[in-house]
Every structure is written in C-alpha cells, then in structure tokens.
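Residues per chain are reported as follows:
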Amino acid sequence: MDGEKTENTDSETLSEEAEAELAGVPESMRDTEGDDNEPQSDADRIAALEDELAAAKQEILYAKAEEQNTRRRLEQEKQNASAYAATGFSRDILSVADNLERALDAIPEELRDDEKFKGLVAGLEATGRELATVFGKHGIEPVDAVGEELDPNRHQAMVEIPSDEAEPGTVVQQMQRGYMIKDRLLRPALVGVAKKPD
C-alpha cells in the first residue's frame, strides 16, 4: 500500500514538473501527440514534414534573393564611389579653368602677335589644352549651351535677352561654362536666354 502511494506521489511530482517546464513554451511548439490518444498516421507526418520543407525552401530562396540584391546594391555603390570620387575636387578645380579661360580671353590681339608675349600666350594656351585633356580623362566634359534650348538640368538662366534672331527659350549667351562628370551634372552653365523683344 505504501509503495502504491509513493508511486502516485512520484507520478504527481513528475506531472507538476512537466507542467512547470512547459509553462513558457508556446502552444504551437508543444508536442501534443501524446495528449490525444490517436497516434498520428505516417501520411499525416510526411505531409507535415513536406509542408515544413517547402516553407524552409521558400525562406532560403528569399534569403538568397535578398543576398543577391544586397550584393548588387553594394557593387553599384562601389562603382559610383569610384566613378564620382573626384567630384568635390573637380568642382574646386573648375574655378582654375575659369580663371585661365578669362586670362586667355583678356589678352588683346596686338599682344598675341608681340614677340615678347608669344611665349607667355603659348604657355597659357598649352596649359588650357592640358587641363581639358585631364578633364576628359576623368569624364569631365563641358556642357553645350549657346544655341541650345534652355535645359534646367544643365543650364541656369541668369538673364533674359530680347532677340529677334533666336527663338524664345534659346540660350544666346554663356556667362560661365557648365560641366558634366560622366552622366551627372558637376556645375550648370550660367546663361542668358532669348525672349521676344518688347
């Protein structure tokens, strides 16, 4: 009789311990197969496992797609960083090109023909050509302006100039040259745009 009591007490203690262990486990994760007295058939277990396998395969496909997208995005960012790394420096050096161009434009014809200044003029012109070559190597190209229709993506209109010869909205004067770096605008051209005379 005492042995039977001890067995009942032990089984009650085990049940309480098992319940305490399961207290924090979500219902969906509990093994309830033993609770209902009907054993799960092999076909049901196989179907459940196939569903789990299909879900796992789908998750793997999503993870691989996300990995590929991340890799492509990082590769694109790396290419852009490489291609446009000189953008800040290029913007700064444009003022040097502007000043050199102004200096060359300011030299009067009589000084260009003067033997004393021919070397200086030739040196300034050679510097301008070299600067243009370096710009070209780095994908920096001047923006076409005069004669073009105003393009807000490449030109910045500063003034309207009455004109009978040009269509309204056509660039007729360039105050400052604009530049592109590859397919991006580095600096807009500052321009005067034709309008109908009053």
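Structure report, in brief. (Residues numbered from 1 in each chain as written. Predicted model: local features only at pLDDT ≥ 70, side-chain atom pairs only at ≥ 80, totals over all residues. Heavy atoms only, no water.)

The next thing to look at is the sheet that holds strand E2 (residues 155-162). Taken in spatial order, the three strands line up as E2-E6-E3 in an open sheet, and their pairing is mixed. Lying at the two open borders of the sheet, with one neighbouring strand each, are E2 and strand E3 (171-176). The average angle at which neighbouring strand axes cross in this sheet is 30°, direction not considered. Inspection of the sheet shows E2 paired to strand E6 (residues 189-195) by seven bridges, in the parallel sense. Counterpart to Ile-161 in the pairing with E6 is Ala-194. (Pairing = 2+ DSSP bridges. Helix = DSSP H or I, 4+ residues; strand = E, 2+ residues; numbered from the N terminus. Axes fitted to C-alpha atoms, helices over the stretch in contact; angles between N-to-C directions.)

Glancing now at helix H5 (residues 115-137). Taking 1.5 Å as the rise per residue, H5 with 23 residues should run 33 Å; its terminal C-alpha atoms sit 34 Å apart, in good agreement. Taken together, the buried positions of H5 are occupied by Val-121, Leu-131 and Phe-135. Residues of H5 that are buried in the fold lie against helix H3 (87-106), helix H4 (109-113), strand E1 (140-142) and strand E4 (179-181). Two or three places before Lys-116, at the opening of H5, Asp-114 has a side-chain oxygen 3.0 Å from that residue's backbone nitrogen. The positive-phi residue at the C-terminal boundary of H5 is Gly-139, with phi of around 75°. (Expected span 1.5 Å × (residues − 1). Buried < 20%, exposed > 50% of the residue type's maximum accessible area, 1.4 Å probe, protein only. Contact = heavy atoms within 4.5 Å. Polar contact = N/O pair within 3.5 Å; in protein donor to acceptor, adjacent residues only side chain to side chain.)

Turning our eyes to something else, we now look at H3. An α-helix turns once every 3.6 residues. As a result, residues three or four positions apart point the same way. Relative to the 28 Å expected for 20 residues at 1.5 Å per residue, H3 spans 29 Å between its end C-alpha atoms, a close match to the ideal helical length. Every buried residue of H3 is listed here: Thr-87, Ser-90, Leu-94, Ala-97, Asp-98, Leu-100 and Leu-104. Lining the buried residues of H3 we find H4, H5, E1, E3, E4 and strand E5 (184-187).

Attention now moves to the nonpolar core. Tyr-84, Leu-94, Ala-97, Leu-131, Phe-135, Ile-140, Tyr-179, Ile-181 and Leu-186 together form the largest nonpolar core, which totals nine residues. Mapped onto this core, the elements with two or more residues apiece are H3, H5 and E4. Counting five residues, the second largest nonpolar core, distinct from the first, contains Ala-145, Ala-189, Val-191 and Val-193. (Core = buried A, V, L, I, M, F, W, Y, C linked by side-chain atoms within 4.5 Å.)

Moving on, we get to the packing of H3 against H5. For the pair H3 and H5, the least separation of the axes is 10 Å and the interaxial angle reads 145°. For H3 against H5, the interelement crossing comes out left-handed. From H3, Ile-93, Leu-94, Ala-97, Leu-100 and Leu-104 reach across to H5, where they touch Val-121, Leu-124, Glu-125, Thr-127, Gly-128, Leu-131 and Phe-135. For the contact of H3 with H5, the per-class residue count stands at nine nonpolar, two polar and one charged. (Left-handed = near helix turned anticlockwise from the far one by under 90°. Nonpolar A, V, L, I, M, F, W, Y, C, P; charged D, E, K, R; others polar.)

Attention now moves to unusual backbone geometry. Generally, phi is negative for residues other than glycine and the peptide bonds are trans, each holding for most cases. Here the phi dihedral of Lys-182 falls at roughly 55°; this positive angle occurs in a residue that is not glycine. In this structure Lys-182 comes out as partly exposed when scored by relative accessible area, which is 43%.

On the secondary structure map, Ser-163 appears in the loop between E2 and E3. Taking relative accessible area as the criterion, Ser-163 reaches 16% and is therefore assigned buried. Ignoring sequence-local partners within four residues, the contact set of Ser-163 consists of Ala-194, Lys-195 and Pro-197. At 3.2 Å, the side chain of Ser-163 and the backbone nitrogen of Ala-166 are in polar contact.

A few words on the layout of surface pockets. Each pocket or cavity is described by its volume, and for the largest pocket that value is around 250 Å³. Tallied by class, residues from the lining of the largest pocket come to nine nonpolar, two polar and four charged. (1 Å grid on protein atoms, 1.4 Å probe; cavity = no way out; pocket = protein on both sides within 12 Å on 5 of 7 lines; lining within 4 Å. Points joined across faces, edges and corners; volume = space filled by probe spheres on them.)

Another aspect to go through is a nonpolar patch on the surface. Taken together, the side chains of Leu-111, Phe-117 and Leu-120 make up a nonpolar region of the molecular surface, amounting to roughly 240 Å² of accessible area. Among the secondary structure elements, Phe-117 is positioned in helix H5. (Patch = residues over 30% accessible without salt bridge, like charges linked within 9 Å, V, L, I, M, F, W, Y side chains within 5 Å. Areas by Shrake-Rupley, 256 points an atom, 1.4 Å probe, with all protein chains shown as cover. Salt bridge = Lys/Arg side-chain N within 4 Å of Asp/Glu carboxyl O.)

Moving on to the pattern of salt bridges. Pairing between side chains of opposite charge can happen when the charged atoms of each approach one another. Within this structure, the stated rule accounts for eight salt bridges. For Glu-67, the salt bridge goes to Arg-71, with nearest N and O atoms at 2.8 Å. Within this pair, Glu-67 and its partner Arg-71 are both found in helix H2 (residues 42-83), separated by four residues, close to a single helical turn. Among the charged side chains, a salt-bridge network with shared partners connects Glu-109, Arg-112 and Glu-125.

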